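What the coordinates show
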Amino acid sequence: MTEETQPIRVLRAALLVRGVVQGVGFRPFVYRLALEEGLAGFIGNDTDGVTIEVEGPVDRVEAFHARLRAEAPPLARIDSVVAREAAATEEKGFRIVVSEVLGRVNTGIPADAATCLECLHELLDPADRRYRYPFLNCTNCGPRFTITRRIPYDRPQTSMAQFKMCAACQAEYDDPLNRRFHAQPNACWECGPRVWLVGANGEAIAADDAVAGSIERLVAGQIVAIKGIGGFHLSVDAANNAAVMRLRERKRRYGKPLAVMVRDVEAARAICTLTETEEALLITSARPIVLARKKDGYGIAEGVAPGIPWLGVYLPYAPLQHLLFADPRVQALVMTSANLSEEPIAIDNDEAQSRLGAIADAFLMHDREILQRCDDSVMAVVDGAPQLIRRARGFVPLGVELPLDAPPLLAVGGHLKNVFALAQGRYIYQSQHLGDLENLTGLEFFRESLDHLMRTFEIEPETVVHDLHPGYLSTQWAGEWARERGLGLIAVQHHHAHVAGCMAEHGLEGPVIGLSLDGTGYGSDGRIWGGEVLICRMESFERFAHLEYVPMPGGEAAIREPWRMAMGHLHAAGFDVESSEMLSLLGASKQETRVLLRMMERGVNAPLTSSLGRLFDAAAAVVLGRRVVDYEAQAAIELEGLAVDEADEAGYAIEMLGGDWAAREPMKISVAPLWRELIEDLRAGVSKARIAGRFHAGVAAGFVRAAVLARSATGLSMVALSGGCMHNRRLARLLRDGLETEGFQVFQHRNVSPGDGGLSYGQVAVAAARIRGPIQ
Ligand SMILES: [Zn+2]
Ligand SMILES: [Zn+2]
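Below is a summary of the structure that appears in this document. The structure presented is a predicted model; accordingly, all values stated were derived computationally and were not measured.

1. What to know about the overall build of the protein chain
Helix and strand counts for the protein chain stand at 23 helices and 29 strands. In terms of C-alpha radius of gyration, the protein chain reaches 28 Å, essentially the compact-globule figure of 28 Å for 776 residues. With the principal axes as the frame, the protein chain shows a C-alpha extent of 90 × 70 × 60 Å. Each of the 776 residues in the protein chain was classed as buried or not, and the buried ones make up 60%. Put simply, of all contacts in the protein chain between residues at least 6 apart along the chain, 72% involve residues at least 24 apart. Taken as a whole, the protein chain presents about 29100 Å² of accessible surface, with 51% of it coming from carbon and sulfur. Within the protein chain, the 98 negative side-chain charges are centred at a point lying 2 Å from the centre of the 80 positive side-chain charges.

This is the structure:
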């Protein structure tokens, strides 16, 4: 039968599309698709997503449906399409209905996205009306989250409200077939934001071209504060060591690695050895900083990332940055968040001037207000797959799915690297990385971001979730906030939250064996945990085994000074720490050693810890002679770096002591034999790289053994890996290898950080499961 003899069946279909479908060019895309398939109907916003009705021949409607997912614009994320048949109306043409959005919206605000290729082409095209315009964007790219005050995501609700579009821009904005149709930050030389250059003391610097003026200063080795998308960056020539050291001196940031921005993937390849996955990460629209392996003789100044084999590298994501790199003299720039240590990143012009006046030689300012502070995100390829280390620009405020229903919740996260989370239904919205919640500045940033996200997602929490640690600022704040508002309060143990986060990411209800390996977390017994083998359900856990407790002489001071931790471990392992051999190994004086010994013997200011992070610190202090660290986990990162080229070999011995699962008495994992073998190797002159390799292998084998014993006791064969130590690539790979060899099914974090940045996600999962009650 041919088509002519068969009457054409007409179908009208109503589709409800959920996901990230606003502010990403989704409506013009649907409009074009409907025109191409010759369909009538409309598209409009719904409280729950985007509603589409299409009417036409059945095969065309089906083609439309298929292409909707397959060809969706790059920034759109379709979570679900619910389709039903509707009564045909015989209407003609396709319309975009701009509707008032009422009630709760699930379409949210998209994340900020890097300049797209079409815009980049215009930026560098002398014939284009936006040639060298530092703020060009379209529906496929540009700022979103950081310029938005509240929903709906519409120009009057953004910091573009003050810029009235010129006729040319308005025409693009109104044309459904234009790439800039409803591109809220649309702008040009005529009507949009501008840049200018200012000196260190706020004096205006006359320059025809502020970008060119900035480039001259960078090339000359000066420090330029550059206003970006989520805040100011401090920038210097990454090849100029004197300039880099001056920046470190002024910023009072001594050891912590600095991120480097280069022109494109090819330039990144010239300084780092990149895997395919790493290259793919570099060019995603989120443009994260990617931790990649340095190349030998890579031409970057020694002071950028001293003592480690990795470099944080990333590519330009704003037109202004592309303009800097359009000058061939600009090859690689240090681009680091403009702040002092862990303070929030500066966003306001006056604020930047007053806070950074003593650091920067000049400021490249602009007049588009940043409404949400947002650092650069950081990712690494761990054990073959991408892992988020710092969740910020490009990822916020995209929701992460939760496998169970949550009532409206706020989880406040932890103490360091704070990220909070709001949840409702099956979605969790994590905040941007907020830094350490140690003081009022940090807490203010927390409040500011919370207000913004609560408005954005219209979530009014009914319950507040916090860490078990009574002393955390976040815990105290949570208690007060909940009392003021009459809300419920739930405390979640740190290492349980870590494992629950990993379980939730993979949709596991448990029970599973959870290896929660990290630096510091408050334990149920009031001690400092961190080397934990837990039997985890979503709502509860039991402790199967843990690293044997050792004292931390000096408490918090032992974190900043790993030699103290080394002394705690060596003393616990039975070494005479007053012997001349140990003194020289630790770089400690007799006097210092006596003081510490007294603390440990009397149990005064020497809290007990089962932390794996502290064990890494202690080993690094002994192997590398690192007495003091400049940033958290520095010693451990350097130890991993040392072992990076080592082939796998037998690890140092670890011993299991005691434990009675029937009586719920945890087993102790003793590292005393590890220390004896490690010191033997040092005495025998074994290379430090080999020692670091054997240390990693020993730790991994110890926890694999503990998991095997946990399986014998419980019959469980799924293992979830979590905690800040899972950022350690060597450890992550060794654990997965070892566990799989033993027949375990292994789960690792991917979309949520295994470190404290992911804590709030796990807190939400635990709280939601407790409110729901255990599954029978
Ligand atoms: Zn674009
Ligand atoms: Zn314009």
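2. Notes on the side chain of Ser431
Relative to the elements of secondary structure, Ser431 occurs in the loop between strand S18 (421-430) and helix H11 (440-457). Those residues in contact with Ser431 that lie beyond four places of it in its chain are Arg391, Val396, Val419, Phe420 and Leu453.

3. Here's the deal with empty space enclosed by the protein
Throughout the structure, instances matching the rule amount to 3 cavities of 30 Å³ or more. Here the largest cavity is characterised by a volume of approximately 140 Å³. Taken together, 20 residues form the lining of the largest cavity, with Pro134, Ile229, Ala318, Pro319 and Arg368 sitting closest to its centre. Among the elements that line the lining of the largest cavity, the one with the most residues is helix H9 (residues 319-325), at 3 residues. Each residue belonging to the lining of the largest cavity can be placed in one class, and the counts come to 12 nonpolar, 6 polar and 2 charged.

4. Structural notes on the layout of surface pockets
There is about 640 Å³ of room inside the second largest pocket. Lining the second largest pocket are 33 residues, with Ala114, Ile283, Thr284, Ser285 and Arg287 sitting closest to its centre. At the level of secondary structure, the elements contributing two or more residues to the lining of the second largest pocket comprise helix H3 (117-123) and H9. Of the residues contributing to the lining of the second largest pocket, the split by class is 22 nonpolar, 6 polar and 5 charged.

5. Some words on the pairing of strand S20 (residues 488-492)
Of the strand pairs in this sheet, strand S19 (residues 463-467) and S20 are connected by 5 bridges, and their pairing is parallel. When the sheet's bridge partners are listed, Val464 is paired in S20 with Leu489. The parallel pair S19 and S20, bridged by helix H12 (residues 473-485), forms a crossover whose chirality is right-handed.

6. Side note on the pairing of S18
Counting buried positions along S18 gives 8 out of 10 residues, so the element sits mostly inside the fold. As paired elements, strand S17 (residues 400-411) and S18 share 6 bridges and run antiparallel to each other. The partner of Ala406 across the bridge, within S18, is Gly425.

7. Observations concerning helix H5 (residues 210-219)
When we look at burial in H5, the residues that qualify are Ala210, Val211, Gly213, Ser214, Ile215 and Leu218. Those residues of H5 hidden inside the fold are in contact with strand S6 (195-199), strand S7 (224-227), strand S8 (232-237), H9, strand S13 (332-337) and strand S14 (362-366). The N-cap of H5, judged by a side-chain oxygen 3.0 Å from the amide nitrogen of Val211 a few residues on, is Asp209. One or two steps after H5, the chain reaches Gly221, where phi turns positive at roughly 90°.

8. Focus: the nonpolar core
By size, the foremost hydrophobic cluster in this structure holds 78 residues, and its most contacted members are Val533, Leu612, Trp675, Phe695, Phe703 and Leu735. Here this core gets 11 residues from one element, more than from any other, and that element is helix H21 (residues 688-714). Those residues within four positions of Leu735 in sequence are excluded, and the remaining contacts are Leu515, Leu517, Ala700, Phe703, Val704, Leu721 and Met726. Of all hydrophobic cores here, the second largest spans 48 residues; its members include Cys272, Ala292, Ala301 and Phe395.

9. Examining the pattern of salt bridges
Counted by the stated rule, this structure contains 48 salt bridges. Arg250 serves as the salt-bridge partner of Asp361, at 3.0 Å between the closest nitrogen and oxygen. Placement of Asp361 in the loop between helix H10 (349-356) and S14 and of Arg250 in helix H6 (residues 241-251) is noted, with a sequence separation of 111 residues between them. On the basis of relative accessible area, Asp361 is assigned to the partly exposed category, the value being 21%. Salt-bridge contacts for Arg614 lead to Asp617; the nearest nitrogen and oxygen are separated by 3.0 Å. With Arg614 and Asp617 both in helix H18 (residues 612-624) and 3 residues apart, this pair spans about one turn of that helix. Look at Arg614 and you get buried, because its relative accessible area is 3%. Taken together, the shared-partner salt bridges in this structure form one network comprising Asp383, Asp648, Arg730, Arg733, Arg736, Asp737 and Glu740.

10. Let's talk about the packing of aromatic side chains
Per the stated rule, a full pass over the model turns up 13 aromatic pairs. Consider the rings of Phe446 and Trp477, whose centres lie 4.9 Å apart with planes at 75°: the pair is edge-to-face. Residue Phe446 is located in helix H11, and its partner Trp477 is located in helix H12; the two are separated by 31 residues in the primary sequence. When its relative accessible area of 1% is taken as the criterion, Phe446 is described as buried. Judged by its relative accessible area of 8%, Trp477 falls in the buried class.

11. A look at the sheet that holds S18
With mixed pairing, the 4 strands of this open sheet are ordered in space as S18-S17-S19-S20. On the outer flanks of this sheet lie S18 and S20, each paired with one strand and no other. Strand after strand, the sheet turns through a mean of 55° between neighbouring axes, direction not considered. Pairing of S17 with S19, which is carried by 3 bridges, proceeds in the parallel orientation. Counted as the bridge partner of Leu410 is Val464 from S19. Contacts from helix H13 (residues 494-505) reach S17, S19 and S20, with the element oriented near 95° to S20. Its contacts with the sheet place helix H23 (residues 759-772) against S17, S18, S19 and S20, and it is angled at close to 90° to S17.

What counts, and at which threshold
Residues numbered from 1 in each chain as written. Chains lettered and ligands numbered in written order. Predicted model: local features only at pLDDT ≥ 70, side-chain atom pairs only at ≥ 80, totals over all residues. Heavy atoms only, no water. Helix = DSSP H or I, 4+ residues; strand = E, 2+ residues; numbered from the N terminus. Rg over C-alpha atoms; globule rule 2.2 N^0.38 Å. Buried < 20%, exposed > 50% of the residue type's maximum accessible area, 1.4 Å probe, protein only. Contact = heavy atoms within 4.5 Å. Areas by Shrake-Rupley, 256 points an atom, 1.4 Å probe, with all protein chains shown as cover. Lys, Arg positive; Asp, Glu negative; His and termini not counted. Charge placed at Lys NZ, Arg CZ, Asp CG, Glu CD. 1 Å grid on protein atoms, 1.4 Å probe; cavity = no way out; pocket = protein on both sides within 12 Å on 5 of 7 lines; lining within 4 Å. Points joined across faces, edges and corners; volume = space filled by probe spheres on them. Nonpolar A, V, L, I, M, F, W, Y, C, P; charged D, E, K, R; others polar. Pairing = 2+ DSSP bridges. Right-handed = clockwise from strand over helix to strand, strands pointing away. Polar contact = N/O pair within 3.5 Å; in protein donor to acceptor, adjacent residues only side chain to side chain. Core = buried A, V, L, I, M, F, W, Y, C linked by side-chain atoms within 4.5 Å. Salt bridge = Lys/Arg side-chain N within 4 Å of Asp/Glu carboxyl O. Phe/Tyr/Trp six-rings, centres within 6.5 Å; stacked < 30°, edge-to-face > 60°. Axes fitted to C-alpha atoms, helices over the stretch in contact; angles between N-to-C directions.

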